[in-house]
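Here's the letter readout for the chains.
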Amino acid sequence: MIFPTSMNKGLLFNYLPELIIISLKCISSESDLLVKLARKLKRDKNISHDHQIFRDIRHGRRRLSIFESYFNIDTDSLKLNFSREPNPQNMGSWYLLKSFVNGGKYNNQEEDIALRYYWSFLEAHCDLEHTILEELSSAKSIELIESYLKTWLSIKTQNNFDLDGNTMYIYLVKSVMYWAALFELFLELEFNTTEYSYLHKVLPIFNEKTNKLSLSTEQFLINFKKAWSRDEHGYANERTIKWADLYRDIAKKRMQDPDITNPPISSNSPELHEPDITAIKKKFDRWRKGKTLISMNEMRSFIAILRVPFSYSRDELRFSHCIFINLFTFIQLQGLELNIDLKLLSDAFSDYKRYKEIVNRRYKTYKQTKKLEP
């Protein structure tokens, strides 16, 4: 576990930090997270895990002043402005999320009004979560939990909140869908388009005839192949090229890209006409079966490469939906391990459009009233 249990606690955002880190498929520990953050912020690829500050973290030695100096952080400008000082007992995911929100606000002070409303909207969710944890820490009431779940996550329970595997799994799925809807709202406001909001197209599908589940990663890749078949090969409706044809197209693009193959293969080289697709096929097979998740770098070098050169896809925010494709898939794999009924699993995700509507409605109301309302 990268974050301590206390920082994963929540009702609306239960285990959000840990699950997001898993879905990024690039972080193995707290010190690893900070090493990679340091490389980005300082633009220095030579920063390694052997630096003293990261060795101290691995051995449990943490001092705020060292972090401030190393990362050049002005902590006074990043105050979280609590209306009341949080009790350590009520800390949780909301605290890390609120820290992230305030960091976003501080680093993007020239943003348009829509994003300023969004950050405030997200911060209001953190404050709500803080209030919920405070009330639950004193009341410890199942009825209160049921009430919050019904009000904020639209989860209806019967005969009290039964903590069996199915109930807890449904709760987890609906929580994750709410987070995804919040994230897609951000993308829509950031880019002023719904082009990057298509998580509704990657929901798992249960085939009753074969009794098999098609995971979100597989649905994403199927839709990716359909779009490429239409745009590049002129296929209409549901007709698509074969998977092997897709792998060949990817292989050719990779072989001609100097940032992937150096030196790049010449366009008249015989090697380019019949490229070896074995490794690409193996990678796609593993993705489709949920054996591994898709990293951001793989999204750029195996997916986006068909549309743009590798060097053009550095704006990873445009591909950040892969975080939630991974998260959806990871949660589905957890369901399979728990022996959750496949139809129940698929049906649980089928509500995603409704969660989009709920988040969009709450955001619209928030802009008008400055209050977070159900």
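Below or above, wherever it landed, is the structure these notes cover. (Residues numbered from 1 in each chain as written. Predicted model: local features only at pLDDT ≥ 70, side-chain atom pairs only at ≥ 80, totals over all residues. Heavy atoms only, no water.)

1. Some words on the packing of helix α8 (residues 165-191) against helix α14 (residues 321-337)
Running from N to C, α8 and α14 cross one another at 175°; their axes reach a closest spacing of 11 Å. Between α8 and α14, the interaxial angle falls into the category roughly antiparallel. Here Tyr169, Leu172, Val173, Val176, Trp179, Ala180 and Phe183 of α8 come into contact with α14, specifically with His321, Phe324, Leu327, Phe328, Ile331, Gln332, Gln334 and Gly335. Residue composition of the contact of α8 with α14, grouped by class: 11 nonpolar, 4 polar and no charged. (Axes fitted to C-alpha atoms, helices over the stretch in contact; angles between N-to-C directions. Helix = DSSP H or I, 4+ residues; strand = E, 2+ residues; numbered from the N terminus. Parallel < 35°, antiparallel > 145°, perpendicular 65-115°, else oblique. Contact = heavy atoms within 4.5 Å. Nonpolar A, V, L, I, M, F, W, Y, C, P; charged D, E, K, R; others polar.)

2. As for the pattern of salt bridges
Applying the stated criterion to the full structure yields 15 salt bridges. Where Glu184 meets Lys356, a salt bridge forms, and the shortest distance between an N and an O atom there is 3.1 Å. Pair noted here: Glu184 is in helix α8 and Lys356 is in helix α16 (residues 352-369), with a separation of 172 residues, a long-range link. Between Glu188 and Lys356 there is a salt bridge, and its shortest N-O distance comes to 2.7 Å. Here Lys356 lies in helix α16 and Glu188 lies in helix α8, a separation of 168 residues in the sequence. What you see here is one network of salt bridges that share partners, running through Lys25, Lys283 and Glu298. (Salt bridge = Lys/Arg side-chain N within 4 Å of Asp/Glu carboxyl O.)

3. Some words on the packing of aromatic side chains
When we look at a pair of aromatic rings, we describe it by the centre distance and by the angle of the planes. Enumeration according to the criterion identifies 19 aromatic pairs in this entry. Seen from their ring centres, Phe100 and Trp119 are 6.0 Å apart, and the 70° between their planes marks the pair as edge-to-face. Here Phe100, found in helix α5 (residues 93-107), pairs with Trp119, found in helix α6 (residues 113-139); they are 19 residues apart in sequence, far enough to count as distant. Within the aromatic cluster, the residues linked to one another by ring pairs are Phe100, Tyr118, Trp119, Phe183, Phe186 and Phe324. Across from the ring centre of Tyr235, 4.4 Å away, lies the NZ or CZ of Arg239, which sits over that ring. (Phe/Tyr/Trp six-rings, centres within 6.5 Å; stacked < 30°, edge-to-face > 60°. Lys NZ or Arg CZ within 6 Å of the ring centre and 35° of its normal.)

4. Describing the side chain of Ser141
Within the fold, Ser141 resides in the loop between α6 and α7 (142-152). Taking relative accessible area as the criterion, Ser141 reaches 18% and is therefore assigned buried. (Buried < 20%, exposed > 50% of the residue type's maximum accessible area, 1.4 Å probe, protein only.)

5. Comments concerning the side chain of Arg254
Turning to its location among the elements, Arg254 is positioned in helix α10 (residues 243-255). Within the local environment of Arg254, its side chain forms a polar contact with the backbone oxygen of Ser301, the two atoms lying 3.0 Å apart. The contact partners of Arg254, leaving out residues within four places of it in the chain, are Ile260, Thr261, Ile280, Ser301, Phe302 and Ile305. (Polar contact = N/O pair within 3.5 Å; in protein donor to acceptor, adjacent residues only side chain to side chain.)

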